[in-house]
Amino acid sequence: MQTKLITMTVSLGGETGEESGQMRSDQLRSHIQTQLSAHGTPLRWAITAIDPIHQIAHVEAVITIEGNDRLESDLRPDLKPHS
């Protein structure tokens, strides 16, 4: 298992049909968690900045990645792939 710090931007625009054009807090939380899960398992995350003009949130997260062969091969030379 490997931990990694990532940063990403997430749109604050809501689903079509919403009057305000912005997501509710529970929708935003779910949207961020879904976006993070594409990179690994989030341990923790935080919105670090909001850009109100472009309607985006800047997110920093610590994620874990399972079964990283590259990391294991760096630690154990016998696991390196043969050419």
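None of the values given here were measured: they were computed from a predicted structure. (Residues numbered from 1 in each chain as written. Predicted model: local features only at pLDDT ≥ 70, side-chain atom pairs only at ≥ 80, totals over all residues. Heavy atoms only, no water.)

In terms of helices and strands, the protein chain carries two helices and three strands. Among the 83 residues that make up the protein chain, the fraction classed as buried is 22%. Considering only contacts within the protein chain whose residues lie at least 6 apart along the sequence, 47% involve residues at least 24 apart. Within the structure as shown, the protein chain displays about 6200 Å² of accessible surface, and the carbon and sulfur contribution to it stands at 50%. (Helix = DSSP H or I, 4+ residues; strand = E, 2+ residues; numbered from the N terminus. Buried < 20%, exposed > 50% of the residue type's maximum accessible area, 1.4 Å probe, protein only. Contact = heavy atoms within 4.5 Å. Areas by Shrake-Rupley, 256 points an atom, 1.4 Å probe, with all protein chains shown as cover.)

Moving on: the nonpolar core. Among the nonpolar cores identified, the biggest contains 12 residues, and these are Ile6, Met8, Val10, Leu12, Met23, Leu28, Ile32, Leu36, Ala57, Val59, Ala61 and Ile63. Only strand S1 (2-11), helix H1 (25-37) and strand S3 (56-65) provide two or more residues apiece to this core. Examining the composition of this core, we find that four residues originate from one element, S3, more than from any other. In this view, Ile63 contacts Gln2, Thr3, Lys4, Ile6, His39, Gly40, Thr41, Pro42 and Leu43; residues no more than four positions away in its chain are not counted. (Core = buried A, V, L, I, M, F, W, Y, C linked by side-chain atoms within 4.5 Å.)

As a further point, take the confidence of the model for the protein chain. Predicted confidence across the protein chain gives a mean pLDDT of 79, with 70% of residues reaching 70 or more. Strand S2 (residues 41-51) holds the highest mean pLDDT among the elements of the protein chain, 95, whereas helix H2 (residues 69-75) holds the lowest, 46. Confidence over residues 69-83 falls short of pLDDT 50; this stretch has six contacts with residues more than four positions distant or in other chains. (pLDDT = per-residue confidence, 0-100.)

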